[in-house]
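The lines below spell out each chain.
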Amino acid sequence: MTSLTQNFNFAYLDEQTKRTIRRTLLKAIAIPGHQIPFGSREMPLSYGWGTGGMQVTAAVIGQDDVFKVIDQGADDTTNAVNIRRFFEKVCGVETTESTSAATLIQTRHRIPETPLQEGQIMVYQVPIPEPLRWLEPSEVETRKMHALSEYGPMYVRLYEDITQFGQIATAYDYPVMVNQRYLMRPSPIPRFDNPKLNMSPAIQLFGAGREKRIYAVPPYTEVKSLDFEDYPFQVETWDKACEFCGSTESYLDEVVTDNDGGRLWICSDTDFCRSRGKREE
Amino acid sequence: MITDCDEARLITMQDRLVPLLTVERLSKAYGAVVACDRVSLSLYPGQVLGIIGESGSGKTTLLKAIATHLPIDSGRVCYTSTAGQALDLHELPLPRRRQLMRTEWGFVQQNPRDGLRMNVTAGANIGERLMEVGGRHYGQIRQTAGLWLDQVEISQARMDDFPHTFSGGMQQRLQLARVLVTSPRLVLMDEPTGGLDVSVQAKLLDLIRSLVRTLQLSVILVTHDIGVVRLLAHRLLVMQGGQVVEAGLTDQVLDDPQHPYTQQLVSATLVP
Amino acid sequence: MTSTAISPSPVSTNSLLWADNLHKRFILHAQGGICLPVLKGTSLKVKPGECVILQGPSGSGKSTFMRSLYANYRVDSGAIWVKHGENRIDLTQCQPHELMAIRQKTIGYVSQFLRVIPRVPALEVAAEPLMELGLEAAAARDNVRSLFRRLNLPERLWSLSPTTFSGGEKQRLNIARAFSVDFPILLLDEPTAALDAANREVVIELIEEKKARGCALIGIFHDEQVWQRVGNRVLTFGREDETALGESHE
């Protein structure tokens, strides 16, 4: 551990790089939902594995932070474990699996079930930051559309969903309007988590390493999921309860248990599930 | 014989005195090639202005420059908005310009693939402009889209089909519906009947003509087909080498062509 | 209207149309710039309720003169003063949009030819001028139907496209189209050429009715019997370099 901290700067990135990322983050906080380009660095893992989130984490993490990493809600998947170990090594900070104990949480694909609090920072790993990319391949044009708030075409996609499936079928990365101004991709979280973005007391930072973009939602900011008046936004519901903790309010993963089609439903948020289980014991 | 509509006619007459669009000495060059050389024109409400000329005469460049799809070297394009303001389009702030293009203006492309979203359904194609101007009620958007499908003679049963399953003529009619759904006052058309079979062309021409009358549209129509302007255009500009060489009422220009180029153009046309 | 086109009082108050010293030549660029002078100072005044007949051998310029009065041909010099609403306007100085308004309200034209889009039914073709004036479609159609009936155009044709019509049927459609509107000035280019005797009578009646309403008519008729009956005056055109011979009263 000592040898590593001697060979690497605190949090791996050099101070100059961290400073530029912090400046970008300040700008992102100042313009909620607006994508800011930044000089994305090479990280010791490949693009697409959370390099954007890691650079944001590296720029904001301090000696006193308590760090948590989740991947699909779980603390114990390979990706989460590796990123947590990485920051243990290059920062020597305390880590945790408990949402309420963490001051800094890096996440891929989920927002914890336990409500976030003031003072906490969420860092989201973002594969594709541009919500308009599916319909407009030109970056010049999408920037213009953002600048002019031309978000009508986004509704075309929702219209098509209803037309084809009878409802808005977009389950992940469901587009949101931030502070009534910028259209934003919330990263591939399930739409179940979208309401948690709204008026959250935590600071929410989004980093896309490959696409070299950072954006943010400051605390207590309105985040509204797009919808139609006659097809209002709705979250997923299950007619099952978690097999482990019996929760009916959390996001459930379907797990196939054998070759005969046996399956069960369990909480995707392992920390939430465990803490409920403990309480019940 | 007609007395009860005198008042309506008076209003029409007064409207006609104020041009909807004025182009003043518009020039546009691509390097050494001058595509539009000091072109001036004015368009009055309810008029169809045809622009005719062979390939390379600058007619499509002129149309694109009017639509602000292209920057211009000099000159002005002035549009009188619904609110009665005279707007210099190329000087207008981008947001306002784009808003105009989505509401009061429409552009019909020669190739429907350029004017439609081929990967979304017909209904969404028509609904897009409604959603762009704030339409947020799925049911109402569909209802409006249905009415427009009727208008352009496409069965409502095709609303949820993709444009690539449509014939060329239907695609072009769908494009019309997509453009007309926000009730634009000015529609620019670039060879709207090009590439269609003659019988399909006739149907489309007839449709455009009746829409122009019922919706009181003003149209600038670029084509190389004299038959098309004969049937659709009230007025005609003849372009050659980037310049307007002759202008007037369509029948004046075609029945009494004065410029050598126009005479050649008219005499080369087979009269059916 | 542009101020240049409006004259203080160029026409005696009771003339609806005054063509003054019209010159028109055709230059054929494809044939080495050949110049054909056709009108060389033709003049004409027409009062309300008058029907003036244009006479002369073919090629003498009567058709060119008529087309000039409709601004279909553009004259080289001279003026064509027309009473349009309360104004008197020189057609030769008008902008295209002004000419459109004049053709919509003031000057009607019965041509020998009919150009239509294939799919449009005869009834719609004939009702179009009224609808362009802002009349309700139903009222316009009623109006045209009664004219079709008078002109003995078989009812089964009304909903068909005129592309398949015979010459006489097309001609009656043209007449209905122009006569449905209450134009103060009507130009008639051989309106009875393809008609049988019975229908010719109807057209004569229609012309007499227009005259009674104070319409000024100018017509070319190949049929002497017709023009002898409806014409008040004759303007005769000469051959080659001769100009108009002037007016002769009936």
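All values derive from a computational prediction rather than experimental measurement.

(A) The overall build of chain B, seen in detail. A count of helical and extended segments in chain B gives 11 helices and 10 strands. For 272 residues, the compact-globule estimate of 2.2 N^0.38 gives 19 Å, and the C-alpha radius of gyration of chain B, at 19 Å, lies within 12% of that figure. Once the C-alpha set of chain B is aligned to its principal axes, its extents read approximately 55 × 55 × 45 Å. Taking all 272 residues of chain B together, the buried fraction comes to 57%. Excluding contacts between residues fewer than 6 apart, the proportion of contacts in chain B whose partners are at least 24 apart in sequence is 64%. Accessible surface, chain B as shown: approximately 11200 Å² in total, 51% of it carbon and sulfur.

(B) Structural detail: the overall build of chain A. Helix and strand counts for chain A come out as eight helices and 12 strands. Here the C-alpha radius of gyration of chain A, 19 Å, is about what a compact globule of 281 residues would show, namely 19 Å. Overall size of chain A, expressed as C-alpha extent along the three principal axes, is 60 × 55 × 35 Å. For chain A, with 281 residues in total, the buried portion stands at 53%. At a minimum sequence separation of 6, the contacts of chain A that also span at least 24 residues come to 61%. A total accessible area of about 12600 Å² is found for chain A, and carbon and sulfur atoms account for 50% of it. Between the centroid of the 30 positive side chains of chain A and the centroid of its 39 negative side chains there is a distance of 7 Å.

(C) Up close: the sheet that holds strand 4 (residues 74-80) of chain B. Residue and element names in this part refer to chain B. Taken in spatial order, the four strands of this open sheet run 2-1-4-5, and their pairing is antiparallel. Only two strands of the sheet have a single neighbouring strand rather than two, namely strand 2 (33-43) and strand 5 (86-88). Averaged over all neighbouring strand pairs, the angle between strand axes comes to 25°, with direction disregarded. By the bridge criterion, seven bridges tie strand 1 (residues 21-30) to strand 2 in an arrangement that is antiparallel. Within the sheet, the bridge partner assigned to Leu26 lies in strand 2 and is Val39.

(D) Seen up close, the interface of chain B and chain A. Listed by partner, the interface residues are 23 residues for chain B and 20 residues for chain A. Taken together, the two surfaces of chain B and chain A that pack against each other cover about 1900 Å², and 63% of this comes from carbon and sulfur. Three residues stand out in chain B for area buried against chain A, namely B:Arg98, B:Arg136 and B:Tyr138, and they jointly supply 40% of the buried area on that side. Summed over the shared surface of chain B and chain A, the result is 11 residue pairs in polar contact (both at pLDDT 80 or more). It is helix 5 (residues 122-132) of chain B that provides the largest number of residues to the side of chain B that touches chain A, a total of five residues.

(E) A look at helix 6 (residues 138-151) of chain B. Here helix 6 of chain B contains 14 residues, and its C-alpha end-to-end distance of 20 Å stays within 8% of the 20 Å for a straight helix at 1.5 Å per residue. Here the buried face of helix 6 of chain B lies against helix 6 (152-165) of chain A together with helix 5 and helix 7 (168-180) of chain B. Following helix 6 of chain B by one or two positions, B:Glu153 adopts a phi angle in the positive range, close to 60°.

(F) View of the pattern of salt bridges. Going through the model one piece at a time under the given rule, you end up with 46 salt bridges over all chains. Between A:Asp193 and A:Arg110 there is a salt bridge, with the nearest N and O atoms lying 2.7 Å from each other. A residue pair is termed long-range when its members are at least 10 positions apart, and A:Asp193 in the loop between strand 7 (182-184) and helix 7 (194-197) and A:Arg110 in the loop between strand 4 (104-108) and strand 5 (121-125) qualify at 83 residues. On the basis of relative accessibility, which here comes to 0%, the residue A:Asp193 falls in the buried class. For A:Arg110, a relative accessible area of 2% gives the class buried. We note a salt bridge from B:Arg230 to B:Asp255, for which the minimum N-O separation is 3.2 Å.

(G) The arrangement of the environment of C:Gly167 in detail. Mapped onto the secondary structure, C:Gly167 falls in helix 5 (residues 167-179). A relative accessible area of 48% means that C:Gly167 is categorised as partly exposed.

(H) Highlighting the packing of helix 6 of chain A against helix 5 of chain B. Two elements in contact, helix 6 of chain A and helix 5 of chain B, have axes whose closest approach is 8 Å; the angle formed by their N-to-C orientations is 140°. Taken together, the axes of helix 6 of chain A and helix 5 of chain B are oblique relative to one another. Note that helix 6 of chain A runs across helix 5 of chain B; the crossing there is right-handed. On helix 5 of chain B, the residues that touch A:Gly152, A:Pro153, A:Tyr155, A:Val156, A:Tyr159 and A:Glu160 of helix 6 of chain A are B:Gly123, B:Ala124, B:Glu128, B:Met131 and B:Glu132.

(I) Looking closely at the nonpolar core. Among the nonpolar cores identified, the biggest contains 70 residues, and A:Phe228 and B:Leu176 are the most heavily contacted of them. In terms of nonpolar packing, the next biggest core, distinct from the first, is built from 46 residues, C:Ala127, C:Leu153, C:Leu188 and C:Val226 among them.

(J) Helix 6 (residues 197-212) of chain C, seen in detail. Residues and elements named next belong to chain C. When the terminal C-alpha atoms of helix 6 are compared, their 23 Å separation across 16 residues agrees well with the 22 Å that a helix rising 1.5 Å per residue should span. Among the residues making up helix 6, those that are buried are Asn199, Arg200, Val202, Val203, Ile204, Leu206, Ile207, Lys210 and Lys211. Considering only its buried residues, helix 6 is in contact with strand 3 (51-55), helix 4 (137-150), helix 5, strand 7 (185-189), strand 8 (216-220) and helix 7 (224-230). Phi turns positive one or two residues past the end of helix 6, at Gly214, with a value near 95°.

(K) Expanded view of the side chain of A:Thr17. Looking at the element boundaries, A:Thr17 is found in helix 2 (residues 15-30). Within the structure, the side chain of A:Thr17 is placed 2.7 Å from the side chain of A:Asp14, a separation counted as a polar contact.

(L) How the structure looks around the domain arrangement of chain A. All names here are of chain A. For chain A, the assigned domains are domain 1 (2-222) and domain 2 (237-281). With 16 residues of domain 1 at the interface, the matching set in domain 2 holds 11 residues. At the boundary of domain 1 with domain 2, total buried surface from both sides reaches about 990 Å², with 44% on carbon and sulfur atoms. By the criterion of area lost to domain 2, the three top residues of domain 1 are Arg110, Glu113 and Phe192, representing 43% of everything that side buries. Where domain 1 meets domain 2, there are one salt bridge.

(M) Structural detail: the interface of chain C and chain B. Opposite the 39 residues of chain C that make contact, chain B presents 34 residues. Buried surface at the junction of chain C and chain B, both sides included, amounts to about 3400 Å², of which 55% is carbon and sulfur. Across the chain C-chain B interface, the total number found is six salt bridges. It is helix 2 (residues 96-105) of chain C that provides the largest number of residues to the side of chain C that touches chain B, a total of eight residues. In terms of residue class, the side of chain C that touches chain B is made up of 20 nonpolar, eight polar and 11 charged.

(N) Quick peek at the arrangement of the chains. Taken together, the two pairs of chains in contact show their highest number of contacts between chains B and C. Chain A shows no contact with chain C. Their nearest C-alpha atoms sit 35 Å apart.

(O) Highlighting the pairing of strand 4 of chain A. Residues and elements named next belong to chain A. Most of strand 4 sits inside the fold, with four of its five residues counted as buried. Both strand 2 (residues 66-71) and strand 4 contribute to a ladder of five bridges, which runs parallel. Each bridged residue has a counterpart across the sheet, and for Lys68 the counterpart in strand 4 is Ile105. Bridge count between strand 4 and strand 5: four bridges; the pairing is parallel. The residue of strand 5 that forms the bridge with Gln106 is Val123.

Analysis parameters
- Residues numbered from 1 in each chain as written.
- Chains lettered and ligands numbered in written order.
- Predicted model: local features only at pLDDT ≥ 70, side-chain atom pairs only at ≥ 80, totals over all residues.
- Heavy atoms only, no water.
- Helix = DSSP H or I, 4+ residues; strand = E, 2+ residues; numbered from the N terminus.
- Rg over C-alpha atoms; globule rule 2.2 N^0.38 Å.
- Buried < 20%, exposed > 50% of the residue type's maximum accessible area, 1.4 Å probe, protein only.
- Contact = heavy atoms within 4.5 Å.
- Areas by Shrake-Rupley, 256 points an atom, 1.4 Å probe, with all protein chains shown as cover.
- Lys, Arg positive; Asp, Glu negative; His and termini not counted.
- Charge placed at Lys NZ, Arg CZ, Asp CG, Glu CD.
- Pairing = 2+ DSSP bridges.
- Axes fitted to C-alpha atoms, helices over the stretch in contact; angles between N-to-C directions.
- Buried area = accessible area lost by both parts, 1.4 Å probe.
- Polar contact = N/O pair within 3.5 Å; in protein donor to acceptor, adjacent residues only side chain to side chain.
- Expected span 1.5 Å × (residues − 1).
- Salt bridge = Lys/Arg side-chain N within 4 Å of Asp/Glu carboxyl O.
- Parallel < 35°, antiparallel > 145°, perpendicular 65-115°, else oblique.
- Left-handed = near helix turned anticlockwise from the far one by under 90°.
- Core = buried A, V, L, I, M, F, W, Y, C linked by side-chain atoms within 4.5 Å.
- Domains from an automatic or database assignment.
- Nonpolar A, V, L, I, M, F, W, Y, C, P; charged D, E, K, R; others polar.

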